[in-house]
Amino acid sequence: MRCEMNGHLLERIKKLKAERNAVILAHNYQPGEIQDLADFTGDSLGLSIKAAQTDAEVIVFCGVQFMAETAAILSPEKIVLLPDKNAGCPLADMVTAEQLRQLKQKHPDALVVCYVNSSAEVKAESDYCCTSANAVEVVESLPIDKKIIFVPDQHLGQFVIEKTGRNLVLWPGYCASHVVITEEDIKRVKAKYPDAIVMAHPECTEPVKQLSDQILSTGQMLRYVEKSTAKRFIVATETGMIYALKKQNPEAEFIAASDRAICPNMKMISLEKIVWSLEDMQYKVAIADEIRIKAKKALDRMVEVLPAK
Ligand code: SF4
């Protein structure tokens, strides 16, 4: 019955997508059925860049608020829709633009690097944006004598400190869906699968990362597994990632480090909500030019300092 229903919803989405000239993006943490229907899957910045390069007039972002905002920053001429207006990111919400302004006042000589998991207003207050894949490179590119404020994820920040030896001023933000993975989880799963490679996202806690073989962003996990000869992997990130990994590598086995690593916000998106989103053109995410232009500068500066690949 559910299968029949899904078939009907998928048909409806296909029709509406053509009528609206829309592109559908799904983050790697989205439910499998949504990853399957999307035009593009991946991480938030990669998806926003891909959508900007299309001639679609509408972007449906199956993800959370800051991701739709990032798409809107890069595609001001397109309409960006988030199928559930309550799909926020608790990590991004942990620092507001006002809090960041106050921190900047305390460290007036510091440069600010913000993780892409932040609001458009916070990006607008920042000098550089970064992703979990390039945070180390962005910080390394900054003058050695410069103080650096890093917001909002303390665990990604800690990882950057360890890799660069720089002394960052960290904001105490965290992702609840990543810090729920414990050291004990890793030890227990490793004991059961001693041959498996442990891949952890930098948003995990430090003890979890210390027990891991590889510390990788979601995009890096996909690339790493594709090149690896190993057949079994323990995945310490949001469990939706296992669907993306399995789809790309059907022969390999992926084990969640913790079944509790689920982001409830990511799972708010459903096929029904995508239909309603395209029918009613809701919920529009637009960024006022004043904020958008400043936020885009932080994203542009990130791209400028990265080595050409
Ligand atoms: Fe935010 Fe964490 Fe959910 Fe990603 S997994 S959207 S960082 S709360």
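Refer to the structure presented above.
Here goes a summary of the coordinates provided. (Residues numbered from 1 in each chain as written. Predicted model: local features only at pLDDT ≥ 70, side-chain atom pairs only at ≥ 80, totals over all residues. Heavy atoms only, no water.)

Near the ligand the following residues occur: Tyr29, Val64, Cys89, Pro90, Leu91, Asn117, Cys175, Glu203, Cys263 and Met266. Judged by the fraction of its atoms near the pocket grid, the ligand is located in the largest pocket. For the shell around the ligand, the per-class residue count stands at eight nonpolar, one polar and one charged. (Near = heavy atom within 4 Å. 1 Å grid on protein atoms, 1.4 Å probe; cavity = no way out; pocket = protein on both sides within 12 Å on 5 of 7 lines; lining within 4 Å. Sits in = over half its atoms within 2 Å of the grid points. Nonpolar A, V, L, I, M, F, W, Y, C, P; charged D, E, K, R; others polar.)

The next subject is the sheet that holds strand 7 (residues 148-151). Hydrogen bonding along the main chain pairs the strands of a sheet, whether they run parallel or antiparallel. As summarised here, the arrangement of the four strands in space is 6-5-7-8, forming an open sheet in which the pairing is parallel. Of all strands in the sheet, those bounded by a partner on one side alone are strand 6 (128-130) and strand 8 (168-170). The mean inter-strand angle of the sheet, taken between neighbouring strand axes irrespective of direction, is 30 degrees. Sheet topology places strand 5 (residues 111-115) next to strand 6; three bridges connect them, and they run parallel. Bridge pairing in strand 6 links Tyr115 to Cys130. Packing of helix 8 (residues 154-164) onto the sheet brings it into contact with strand 5, strand 7 and strand 8, and relative to strand 8 it is tilted by some 165 degrees. (Pairing = 2+ DSSP bridges. Helix = DSSP H or I, 4+ residues; strand = E, 2+ residues; numbered from the N terminus. Axes fitted to C-alpha atoms, helices over the stretch in contact; angles between N-to-C directions. Contact = heavy atoms within 4.5 Å.)

Among the nonpolar cores identified, the biggest contains 97 residues, and Ile24, Met199, Leu245 and Ile274 are the most heavily contacted of them. Per-element accounting of this core gives the leading share, six residues, to helix 4 (residues 65-74). Not counting the four nearest positions on each side in its chain, Ile24 is found in contact with Ile13, Lys17, Leu37, Ala38, Asp39, Phe40, Val60, Cys62, Ile274 and Leu278. Cys204, Ile234, Ala236 and Ala257 belong to the second-largest nonpolar core, a separate cluster that totals 14 residues. (Core = buried A, V, L, I, M, F, W, Y, C linked by side-chain atoms within 4.5 Å. Buried < 20%, exposed > 50% of the residue type's maximum accessible area, 1.4 Å probe, protein only.)

Time to look at the sheet that holds strand 3 (residues 58-62). Strands sit in the order 2-1-3-4 across an open sheet of four strands; the sheet is parallel. Looking at strand neighbours, the two that pair on one side only are strand 2 (40-42) and strand 4 (79-81), the edges of this open sheet. Strand after strand, the sheet turns through a mean of 20 degrees between neighbouring axes, direction not considered. Bridging between strand 3 and strand 4 involves three bridges; their strand directions are parallel. Bridging across to strand 4, Ile59 finds its partner in Val80. Where helix 4 meets the sheet, its contacts fall on strand 1 (22-27), strand 3 and strand 4, and the angle it forms with strand 3 comes to roughly 155 degrees. Strand contacts of helix 14 (residues 271-280): strand 1, strand 3 and strand 4, with the helix running at about 155 degrees to strand 3, the strand carrying the most contacts.

Turning to the side chain of Ser48, a few remarks are in order. Among the structural elements, Ser48 can be located in helix 3 (residues 44-52). Relative accessible area serves as the criterion here: at 0%, Ser48 is assigned to the buried category. Among the polar contacts made by the side chain of Ser48, one reaches the main-chain amide nitrogen of Ala71 at a distance of 3.3 Å. Excluding residues within four positions of it along the chain, Ser48 makes contact with Phe61, Met67, Thr70, Ala71 and Leu74. (Polar contact = N/O pair within 3.5 Å; in protein donor to acceptor, adjacent residues only side chain to side chain.)

This part is about the state of the cysteines. Applying the stated rule across the entire model yields zero disulfides. Cys175 provides the cysteine sulfur closest to Cys204, a residue in no disulfide bond, and the two sulfurs are 8.6 Å apart. (Disulfide = S-S within 2.5 Å.)

Quick look at the packing of aromatic side chains now. A full pass over the atoms with the stated rule returns one aromatic pair. Judged by centre distance (5.5 Å) and plane angle (20 degrees), the ring pair of Phe233 and Phe254 falls under stacked. Taken together, the residues Phe233 in strand 11 (residues 232-236) and Phe254 in strand 12 (residues 253-256) connect sequence positions 21 residues apart. There is no split in this pair, since Phe233 and Phe254 are both buried. (Phe/Tyr/Trp six-rings, centres within 6.5 Å; stacked < 30°, edge-to-face > 60°.)

The next thing to look at is the pairing of strand 12. Along a regular strand, successive side chains alternate from one face of the sheet to the other. With four bridges joining them, strand 11 and strand 12 adopt parallel strand pairing. Paired with Ile234 across the two strands is Ile255, which belongs to strand 12. Regarding the hand of the β-α-β motif, the stretch spanning strand 11, helix 13 (residues 240-248) and strand 12 is right-handed. (Right-handed = clockwise from strand over helix to strand, strands pointing away.)

None of this, on its own, says anything about what the molecule does.
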